[in-house]
Amino acid sequence: MSFRQLELRHVAAEVTLMEWNPMLDLLALATVTGEVLLHRLSWQKVWSIASGSTKDMLMPVIAMAWRPDGKILAYAYDFGKNYLAIF
């Protein structure tokens, strides 16, 4: 089996985590700066959440997971705070 690249899409910072939504056409991305982005598969940006990172200290996202019905995205930062985004 071989794969071929169909398109190339860019984000402003290096992506550290990606999670496909199990039910919807959504892709959650976490960047090295701790920002969480949500895009449709057409690459339309749905929303973004800035992190508490500063120039001196990065707060990366260490885990992300969708609820099985795809309506809630949970993500956690390295400093012990967890957040939920509801769709």
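Under an unreviewed UniProt entry, the name given to the chain is Anaphase-promoting complex subunit 4, and the source organism is Trichonephila inaurata madagascariensis.

**With respect to the pairing of strand S2 (residues 26–31)**
Of all six residues in S2, six are buried, a share of seventy percent or more. Here S2 shows a buried face lined by Leu-26, Ala-28 and Ala-30 and a second buried face lined by Leu-27, Leu-29 and Thr-31. Sheet topology places strand S1 (residues 15–20) next to S2; five bridges connect them, and they run antiparallel. Counterpart to Val-15 in the pairing with S2 is Thr-31. Hairpin remark: S1 followed by S2, antiparallel, with five residues in the connecting loop. Relative to strand S3 (residues 36–40), S2 runs antiparallel, the two sharing five bridges.

**What to know about the sheet that holds S3**
Taken together, four strands build an open sheet; the order of strands is S1-S2-S3-S4 and the sheet is antiparallel. Either end of the sheet is taken by a strand with one partner, and the two such strands are S1 and strand S4 (45–49). For this sheet, the mean inter-axis angle between neighbouring strands, taken without regard to orientation, is 15°.

**Thoughts on the nonpolar core**
Of all hydrophobic cores here, the largest spans 13 residues; its most connected members are Val-36, Val-61, Met-64, Leu-73 and Tyr-75. Those residues within four positions of Met-64 in sequence are excluded, and the remaining contacts are Leu-17, Met-18, Glu-19, Ala-28, Leu-29, Ala-30, Val-36, Leu-73, Ala-74 and Tyr-75.

Thresholds, definitions, all that
Residues numbered from 1 in each chain as written. Predicted model: local features only at pLDDT ≥ 70, side-chain atom pairs only at ≥ 80, totals over all residues. Heavy atoms only, no water. Buried < 20%, exposed > 50% of the residue type's maximum accessible area, 1.4 Å probe, protein only. Helix = DSSP H or I, 4+ residues; strand = E, 2+ residues; numbered from the N terminus. Pairing = 2+ DSSP bridges. Axes fitted to C-alpha atoms, helices over the stretch in contact; angles between N-to-C directions. Core = buried A, V, L, I, M, F, W, Y, C linked by side-chain atoms within 4.5 Å. Contact = heavy atoms within 4.5 Å.

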